[in-house]
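Examination of the molecular architecture
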Amino acid sequence: MYIDDKAFSMQEMSSDAKQQPGSPSQINAFELIRMSSFLDLSGFFEKEEVQQRKIRFTSNYSSGDLLSKIEGIVKEMGFRVAKRNGGKLRVIQAHNKEKSLGSLSFLTEVFDISSSLRVVELSKSYGDSSLYRKLWTKLSNDLGVSTL
Amino acid sequence: MGCFSSTARKQFPGTEDPLVLASQTAFSVSEVEALFELFKSISSSVVDDGLISKEEFQLALFKNRKKENLFANRIFELFDVKGKGVIDFGDFVRSLSVFHPNAPQEDKINFSFKLYDLDGTGFIERQEVKQMLIALLCESDMKLADETIEIILDKTFSEADINQDGKIDKEEWQNFVTHNPSLMKIMNLPYLRDITTTFPSFVFNSKVDDIAT
């Protein structure tokens, strides 16, 4: 996918200095807008609020740093990580490969907003809500910043 | 015609025939019947009148009937095909059909264009995009400097607004989306593939299915 290819090459470079305002890997307005919970009709089919399933936070770390730090944190908490191409990580509860109680699977994506700011989006595919909450709270506390 | 039609029509006169709806949408007849179960639960949550009001729409999506928002308002407007201020079953099925993974890409692109064209002028203006961006930032508790917002808008419009007239027309949107396919993520609801399992309708409809095939 378009954005991911650019984010992937950003990851390889992993240097903040290369990131300039208006650079190719920078998110466009519609990519940001589409993250809105209010554009998500999954609420018709899910008991849980969208806000409990899709989380966003901003961070000053570079895309590359963010992805490796997220990987480090979740692995410490006992999760398995499958890397996708570009700025994406699929995180799965290590001990339960099936959708059973206590299992959890979510996707992490990192986007560039500006030269010094990234947005991280976490989307739960299925699993334990309180475990998920624990995880994203830790991730946003450790890695996030809410203002530029 | 099967039990569905007579029950539906008795309860809510004017409810469209599932065969007709199936023939005009991405859904099969049994999927339309399953959608009716979903429709019933949404449309009866505040007032049991066979129609989905704005409040009921918000309650179903956001588990909160008071949660208003410019995107939610726009989506409701688009679902309210006849502009009556309520969504009937036909509107519901036809609108959801666009979100089916098998629905034509063209329909998805058209819907998303109308969605972002907040005031329905036929163009997505820069001011509208800015408004939506700010709404997203508020919602996410994210703060960006004005300058950063302008840079994001500049970048977006330099890519999307080919004739540089400060607004995005339908053709430019089509082109933009083709180059940024991830933008169409919001136009897909994989849940719609499993609708008959999620909302089983306890109606014996084998006769109807035979006619449908």
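Chain B has the name Calcineurin B-like protein in an unreviewed UniProt entry, where Stephania yunnanensis is given as its organism. Entered under Subcellular location (unreviewed entry) in the UniProt record, the comment concerning chain B runs "Membrane". As recorded by UniProt, the Sequence similarities (unreviewed entry) comment attached to chain B reads in full: "Belongs to the calcineurin regulatory subunit family."

Going by the annotation in an unreviewed UniProt entry, the name recorded for chain A is non-specific serine/threonine protein kinase, with Stephania yunnanensis given as the source organism. Its UniProt record gives chain A a comment under Sequence similarities (unreviewed entry), which states: "Belongs to the protein kinase superfamily. CAMK Ser/Thr protein kinase family. SNF1 subfamily."

Residue and element names in this part refer to chain A. Along strand E4 (residues 104–114), eleven of the eleven residues are buried, which leaves the element largely enclosed by surrounding structure. Note: strand E3 (residues 88–93) against E4, five bridges, orientation antiparallel. Across the sheet, Leu 89 pairs through a bridge with Thr 108, a residue of E4. As defined by bridge partners, E4 adjoins strand E5 (residues 117–127) across ten bridges and the pair is classed as antiparallel. When the bridges of E5 are listed, Thr 108 appears paired with Leu 122.

Right, let's talk about the UniProt feature "domain: EF-hand" (unreviewed entry) in chain B for a bit. As recorded in UniProt, the sites labelled "domain: EF-hand" (unreviewed entry) are residues 67–102, 104–139 and 148–183 of chain B. Helix makes up 53% of residues 67–102 of chain B and strand 0%. Its end C-alpha atoms lie 31 Å apart.

Residues and elements named next belong to chain B. Positioned with a positive phi, Lys 63 is a non-glycine residue whose angle comes to about 55 degrees. The topology assignment puts Lys 63 in the loop between helix H4 (54–62) and helix H5 (70–79). On the accessibility criterion, Lys 63 (31% relative accessible area) is partly exposed. Residues other than glycine seldom take positive phi values, yet Gln 164 does so here, at roughly 50 degrees.

Roughly 950 Å³ of internal volume is contained in the largest pocket. Of all the secondary structure elements, the ones that give two or more residues to the lining of the largest pocket are helix H3 (50–53), E3, E4 and E5 of chain A. The class makeup of the residues in the lining of the largest pocket is ten nonpolar, five polar and 15 charged. Of the volumes computed, that of the second largest pocket is approximately 360 Å³. Along its surface, the second largest pocket is lined by 16 residues, and Ile55(A), Arg56(A), Glu139(B), Ser140(B) and Asp141(B) are the ones closest to its centre.

Time to look at the environment of Gln105(B). Tracing the backbone shows Gln105(B) in helix H7 (residues 105–116). Measuring from C-alpha to C-alpha, the distance between Gln105(B) and Leu51(B) comes to 28 Å, with 54 residues separating the pair along the chain.

Another aspect to go through is empty space enclosed by the protein. One pass over the structure, following the stated rule, counts one cavity of 30 Å³ or more. Around the largest cavity sit Leu39(A), Leu41(A), Ile75(B), Phe99(B), Phe111(B), Leu115(B), Ile186(B) and Met187(B), which together line it. When its residues are assigned to classes, the lining of the largest cavity shows eight nonpolar, no polar and no charged.

About the cut-offs
- Residues numbered from 1 in each chain as written.
- Chains lettered and ligands numbered in written order.
- Predicted model: local features only at pLDDT ≥ 70, side-chain atom pairs only at ≥ 80, totals over all residues.
- Heavy atoms only, no water.
- UniProt positions renumbered as here; feature names shortened; annotations may be inferred.
- Buried < 20%, exposed > 50% of the residue type's maximum accessible area, 1.4 Å probe, protein only.
- Helix = DSSP H or I, 4+ residues; strand = E, 2+ residues; numbered from the N terminus.
- Pairing = 2+ DSSP bridges.
- 1 Å grid on protein atoms, 1.4 Å probe; cavity = no way out; pocket = protein on both sides within 12 Å on 5 of 7 lines; lining within 4 Å.
- Points joined across faces, edges and corners; volume = space filled by probe spheres on them.
- Nonpolar A, V, L, I, M, F, W, Y, C, P; charged D, E, K, R; others polar.

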